[in-house]
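Secondary and tertiary structure notes
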Amino acid sequence: EVQLQESGPGLVKPSQSLSLTCSVTGYSITSNYWGWIRKFPGNKMEWMGYISYSGSTSYNPSLKSRISITRDTSKNQFFLQLNSVTTEDTATYYCARYMYTTDYFDYWGQGVMVTVSS
Amino acid sequence: EIVLTQSPTTMAASPGEKVTLTCRASSSVSYMHWYQQRSGASPKLWIYETSKLASGVPNRFSGSGSGTSYSLTINSMETEDAATYYCQQGSSYPWTFGGGTKLELK
């Protein structure tokens, strides 16, 4: 069974970078697509971006200048980096497997809550 | 960007009651996907490509719609169905989510 687990710091200072890891078991990240989604306080959800089986990426234009998604295939992990964070980046961050055919997310991690505060 | 508007925002249903949740898109989309999120848990794919039930989803659930109007229906509400349901479109970049409908047990 596909399982995903996010990890990373729960507290980040404003203007710093947020870095999260998604560890995948039960499936190779060199197959399929893998994405990041966040859920803000108040329930709004935002698709952030994805990385493909080949390493190509696509990002939400609202984040394009600040976001980077990379991977380590030897560890079957992919990563999120979000630069120059503000308090508005406070959210629960999820990684998920992304089905490219009709664009939905079929397996999700448990999520990690990240607070941006000084 | 396509905006998805879900209604109602919150509702309560009694066991056995039929429930319909609606998702309206600001422009036409080809498919709608739905996720269930129970309190304290991560979202789960519930319905994909408008009407296909994800693995393990009870058949009292159904999905329908086209163009700008989609719905998720529960034929007979059960206790375990209390959750927040989100719609999501993948027809137009960037993919977007609705604001969710919180379904409570009456």
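Right, let's walk through the structure included here.

Quick notes on the rules
- Residues numbered from 1 in each chain as written.
- Chains lettered and ligands numbered in written order.
- Predicted model: local features only at pLDDT ≥ 70, side-chain atom pairs only at ≥ 80, totals over all residues.
- Heavy atoms only, no water.
- Pairing = 2+ DSSP bridges.
- Helix = DSSP H or I, 4+ residues; strand = E, 2+ residues; numbered from the N terminus.
- Axes fitted to C-alpha atoms, helices over the stretch in contact; angles between N-to-C directions.
- Phe/Tyr/Trp six-rings, centres within 6.5 Å; stacked < 30°, edge-to-face > 60°.
- Buried < 20%, exposed > 50% of the residue type's maximum accessible area, 1.4 Å probe, protein only.
- Lys NZ or Arg CZ within 6 Å of the ring centre and 35° of its normal.
- Salt bridge = Lys/Arg side-chain N within 4 Å of Asp/Glu carboxyl O.
- Contact = heavy atoms within 4.5 Å.
- Buried area = accessible area lost by both parts, 1.4 Å probe.
- Polar contact = N/O pair within 3.5 Å; in protein donor to acceptor, adjacent residues only side chain to side chain.

**Topic: the sheet that holds strand S1 (residues 4-7) of chain B**
Residue and element names in this part refer to chain B. If you trace the three strands from one edge of the open sheet to the other, you get S1-S3-S7, paired in antiparallel fashion. Across the chains shown, the open sheet's two edge strands, defined by having one partner strand only, are S1 and strand S7 (61-74). Strand-to-strand, the axes of this sheet are offset by a mean angle of 20°, without reference to chain direction. Looking at chain direction, S1 and strand S3 (residues 19-29) are connected through four bridges and run antiparallel.

**Some thoughts on the packing of aromatic side chains**
Residues and elements named next belong to chain A. Following the criterion strictly, the structure yields 24 aromatic pairs over all chains and no others. Centre to centre, the rings of Tyr33 and Tyr53 are 5.6 Å apart; their planes meet at 80°, and the pair counts as edge-to-face. In this pair, Tyr33 is assigned in strand S4 (residues 33-39) and Tyr53 in the loop between strand S5 (45-51) and strand S6 (57-59), connecting sequence segments 20 residues apart. Taken together, a centroid distance of 5.9 Å and an interplanar angle of 65° make the contact between Phe105 and Trp108 edge-to-face. You'll find Phe105 and Trp108 in the same group, each marked buried. Note that Arg97 overlies the ring of Tyr27, its terminal NZ or CZ placed 4.6 Å from the centroid.

**A word on the pattern of salt bridges**
All names here are of chain A. Evaluation of the coordinates by the stated rule reveals nine salt bridges over all chains. Here Glu46 makes a salt bridge to Arg38, at a shortest N to O gap of 2.7 Å. A single burial state applies to Glu46 and to Arg38, both of which are buried. A single network of salt bridges, built from pairs that share partners, joins Arg38, Glu46, Arg66 and Asp89.

**Focus: the interface of chain B and chain A**
By convention, interface size is frequently given as the accessible area that disappears when the constituent parts associate. In this assembly, 18 residues from chain B lie in contact with 22 residues from chain A. Interface area, chain B with chain A, both sides summed: about 1700 Å², of which 59% is carbon and sulfur. The largest per-residue losses of area from chain B upon contact with chain A belong to Tyr93, Trp95 and Phe97 of chain B, which jointly make up 35% of the total buried on that side. The tally of links between chain B and chain A comes to zero salt bridges. For the pair chain B and chain A, the interface holds eleven residue pairs in polar contact (both at pLDDT 80 or more). Counting residues per element, the ones that place at least two in the side of chain B that touches chain A are strand S4 (33-37), strand S5 (44-48) and strand S8 (83-89) of chain B. In terms of residue count, S4 of chain B provides more of the side of chain B that touches chain A than any other element does, three residues in total.

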